[in-house]
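# Summary of the model geometry
The lines below spell out each chain.
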Amino acid sequence: LEVILVAMELYEADTGDSSVWDFLPERSWERLGASDLKAHLWVNYDLYSGGSADALRHFGMGENIGFKDLLPGSFVNFNRTTGTGHAVVFMSYIDIEGNTSDIWHEDVVGFKYFSAQNGGVGVGGGGKRRSA
């Protein structure tokens, strides 16, 4: 949620186009109705939403794609078996030696991502991480 809001703020600042807020007005970030973004960001099977990726698709802001098709800036959903989840921003693929690539290839073993949840429990702020 935080990353999406910051991206929208940056877009407005860079372009001077404030219509981005008309597309998803403040109420959509605050309420949990079927027509509100917030309700779709959190996993809500009653709305057929598995988290951020489904929410962005539902509101016409993206589409669900396979791992091999990710590009820098793509959102990735981690939906855990515990029922919790987390969305991150994909930065690059990595190979076993830690080399990065913007495109998938057969030597990919993981990926580098940006998370708004950096640090330990109770510690906020953004940061880069790797997943294998």
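For clarity, every value in this text was computed on a predicted model and none was experimentally measured.

### Focus on the confidence of the model for the chain
- Per-residue pLDDT for the chain has a mean of 82; in total, 87% of the residues score no lower than 70.
- Per-element confidence in the chain is highest for strand β3 (residues 100-101), whose mean pLDDT is 96, and lowest for strand β5 (residues 127-131), whose mean pLDDT is 55.

### So, the pairing of strand β2 (residues 85-95)
- Counting buried residues along β2, eight of its 11 residues qualify, which places the element largely inside the surrounding structure.
- In this structure, strand β1 (residues 75-79) lies alongside β2, joined through five bridges in antiparallel fashion. Counterpart to V76 in the pairing with β2 is V88.
- With six bridges connecting them, β2 and strand β4 (residues 108-115) associate as antiparallel partners. The residue of β4 that forms the bridge with D95 is V108.
- As paired elements, β2 and β3 share two bridges and run antiparallel to each other. Counterpart to I94 in the pairing with β3 is T100.

### A closer look at the nonpolar core
- Core analysis: the biggest nonpolar cluster contains 10 residues, these being I4, M8, V20, L24, W29, L37, L41, A55, L56 and F59.
- For this core, the secondary-structure elements that each account for two or more residues are α1 (2-15), α4 (37-41) and α5 (52-58).
- Residues V76, V88, F111 and Y113 belong to the second largest nonpolar core, which totals eight residues.

### Things to note about the pattern of salt bridges
- Within the structure shown, the criterion is met by one salt bridge.
- Salt-bridge contacts for R57 lead to D54; the nearest nitrogen and oxygen are separated by 3.2 Å. With a gap of three residues between them, R57 and D54 both fall in helix α5, about one helical turn apart.
- Classification of R57 by relative accessible area gives partly exposed; the value is 39%.
- Taking relative accessible area as the criterion, D54 reaches 17% and is therefore assigned buried.

### Looking at α1
- Its 14 residues give α1 an end-to-end C-alpha distance of 20 Å, which sits within 8% of 20 Å, the value for a rise of 1.5 Å per residue.
- Backbone geometry just downstream of α1 places G16 in the positive-phi region, at approximately 75°.

### Focus: the packing of aromatic side chains
- Scanning the model with the defined rule gives five aromatic pairs in all.
- When the centroid spacing of 5.3 Å and the interplanar angle of 85° are considered together, the rings of F67 and Y93 count as edge-to-face. Of this pair, F67 sits in the loop between α5 and β1 while Y93 sits in strand β2, placing them 26 residues apart in sequence.
- Judged by centre distance (5.5 Å) and plane angle (45°), the ring pair of F111 and Y113 falls under tilted.
- These aromatic residues form a ring-pair network of at least three members: F67, F90, Y93, F111 and Y113.
- The ring of W104 is capped by K68, whose NZ or CZ atom sits 4.4 Å from the centre of that ring.

Each value, and the rule that gives it
- Residues numbered from 1 in each chain as written.
- Predicted model: local features only at pLDDT ≥ 70, side-chain atom pairs only at ≥ 80, totals over all residues.
- Heavy atoms only, no water.
- pLDDT = per-residue confidence, 0-100.
- Helix = DSSP H or I, 4+ residues; strand = E, 2+ residues; numbered from the N terminus.
- Buried < 20%, exposed > 50% of the residue type's maximum accessible area, 1.4 Å probe, protein only.
- Pairing = 2+ DSSP bridges.
- Core = buried A, V, L, I, M, F, W, Y, C linked by side-chain atoms within 4.5 Å.
- Salt bridge = Lys/Arg side-chain N within 4 Å of Asp/Glu carboxyl O.
- Expected span 1.5 Å × (residues − 1).
- Phe/Tyr/Trp six-rings, centres within 6.5 Å; stacked < 30°, edge-to-face > 60°.
- Lys NZ or Arg CZ within 6 Å of the ring centre and 35° of its normal.

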